[in-house]
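Fold and contact review
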Amino acid sequence: MGKNKEIKGTKEKLKETFYVDIDGVIINDIDVVIDILNERYKIAPKKTITDLKDWEYKSIYNRVSRQEIVDIYQSDEFFDKLEVNNDFLNFYRDNKDIYNFVCITMSSVENCKRKRELFDKFGLDIEIIRVTNWKNTLWLNGIQVDDNYKNFNFGNKKLMKILLTNGINTDYNFTHGGEENFYIANCWNDIKDIMQWRDYLR
């Protein structure tokens, strides 16, 4: 069984570590939320992840409130449909003996607890760290993977940063260009290629 841990920072580890966001990176939460909104508001034609342009799902249904999205993320309906990304599962299984994996989430205690249950269901023995503020998280040397550009610690030049876009363009994965030690991936298979390329150059 894995562990959950609540901290405001991390301490350096000797082994290179993947610091991986959960929402939109490891789990299919975006697809699930869009599916719930489609059903709830009888949206026609149905929206998909390619229609998402913003963090608060206004591009899916323009009358949805921030609180409704928060409530969806706590609901049984949400967790009943939630799954772990197959490409991530394959990447983790192929590399768990090479890297440490630490998952990061900024969520409620209940949401974090249920993510732990989901991880255990899929056999992911990965520590989950619940942070209270991204800016208070002391990212260290390793690889940070996130779907939100604003969550990256660009002040750490040694930290490898990979933006996972899920193949969509949104207001939260917009990049400025010229970032150091920064890579863009559409999916976990792209991340696999990036790591192989990096290791080849070493």
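Everything below is about the structure printed above this text.
Thresholds, definitions, all that
Residues numbered from 1 in each chain as written. Predicted model: local features only at pLDDT ≥ 70, side-chain atom pairs only at ≥ 80, totals over all residues. Heavy atoms only, no water. Axes fitted to C-alpha atoms, helices over the stretch in contact; angles between N-to-C directions. Helix = DSSP H or I, 4+ residues; strand = E, 2+ residues; numbered from the N terminus. Parallel < 35°, antiparallel > 145°, perpendicular 65-115°, else oblique. Left-handed = near helix turned anticlockwise from the far one by under 90°. Contact = heavy atoms within 4.5 Å. Nonpolar A, V, L, I, M, F, W, Y, C, P; charged D, E, K, R; others polar. Polar contact = N/O pair within 3.5 Å; in protein donor to acceptor, adjacent residues only side chain to side chain. Buried < 20%, exposed > 50% of the residue type's maximum accessible area, 1.4 Å probe, protein only. Pairing = 2+ DSSP bridges. Core = buried A, V, L, I, M, F, W, Y, C linked by side-chain atoms within 4.5 Å. Salt bridge = Lys/Arg side-chain N within 4 Å of Asp/Glu carboxyl O.

With that settled, the discussion passes to the packing of helix α1 (residues 29–40) against helix α2 (residues 66–74). Contact geometry of α1 with α2 gives a least axis separation of 11 Å together with a crossing angle of 115°. On the basis of the axis angle, α1 is roughly perpendicular to α2. Between α1 and α2 lies a crossing of right-handed hand. Note on element contacts: α2 touches α1 through Glu68, Ile69, Ile72 and Tyr73, opposite Asp29, Val33, Ile36, Leu37 and Arg40. Taken together, the residues of the contact of α1 with α2 break down into six nonpolar, no polar and three charged.

A separate point is the side chain of Asp23. Within the element layout of this structure, Asp23 appears in the loop between β2 (17–21) and α1. Among the polar contacts made by the side chain of Asp23, one reaches the side chain of Lys115 at a distance of 3.0 Å. Once residues lying within four places of it in the same chain are set aside, the contact partners of Asp23 are Asp29, Tyr73, Thr105, Lys115 and Asp147.

A separate point is the pairing of strand β6 (residues 160–164). The buried fraction of β6 amounts to five of the five residues, a majority that puts the element mostly inside the structure. Residues Met160, Ile162 and Leu164 line one face of β6 and the alternating positions Lys161 and Leu163 line the opposite face, and both faces are buried. Where strand β5 (residues 143–146) meets β6, four bridges bridge the pair, whose relative direction is parallel. When the bridges of β6 are listed, Asp146 appears paired with Leu163.

Turning our eyes to something else, we now look at the nonpolar core. Counting residues in hydrophobic clusters, the biggest one holds 51 residues, and the most contacted among them are Phe18, Tyr57, Val145 and Ile191. No other element matches α1, which puts six residues into this core. In contact with Val145, not counting residues within four places along its chain, are Phe18, Tyr19, Val20, Asp21, Val25, Ile162, Leu164, Trp188 and Ile191. Core analysis: the next-biggest nonpolar cluster, separate from the first, contains five residues, Tyr19, Val102, Ile129 and Val131 among them.

The next thing to look at is unusual backbone geometry. With glycine set apart, most residues show a phi of negative sign, and most peptide bonds adopt trans. The amide bond that connects Ala44 to the next residue, Pro45, takes the cis arrangement and shows omega of -10°. Tracing the backbone shows Pro45 in the loop between α1 and α2. Even without glycine at this site, Lys42 takes up a positive phi of about 50°. Tracing the chain through its elements places Lys42 in the loop between α1 and α2. The backbone of Asn166 shows a phi angle near 60°, a positive value even though the residue is not glycine. In this structure, Asn166 sits in the loop between β6 and β7 (182–185).

All chains considered together, the criterion is met by eleven salt bridges. Its salt-bridge partner being Glu68, residue Arg40 comes within 2.8 Å of it at the nearest N-O pair. Of the two residues, Arg40 is situated in helix α1 and Glu68 in helix α2; the sequence distance between them amounts to 28 residues. In this structure Glu68 comes out as buried when scored by relative accessible area, which is 14%. Note that Arg40 and Glu77 form a salt bridge whose closest N and O atoms lie 3.7 Å from each other. You can see Arg40 sitting in helix α1 and its partner Glu77 sitting in helix α3 (residues 76–81), a full 37 residues away along the chain. Look at Glu77 and you get partly exposed, because its relative accessible area is 32%.

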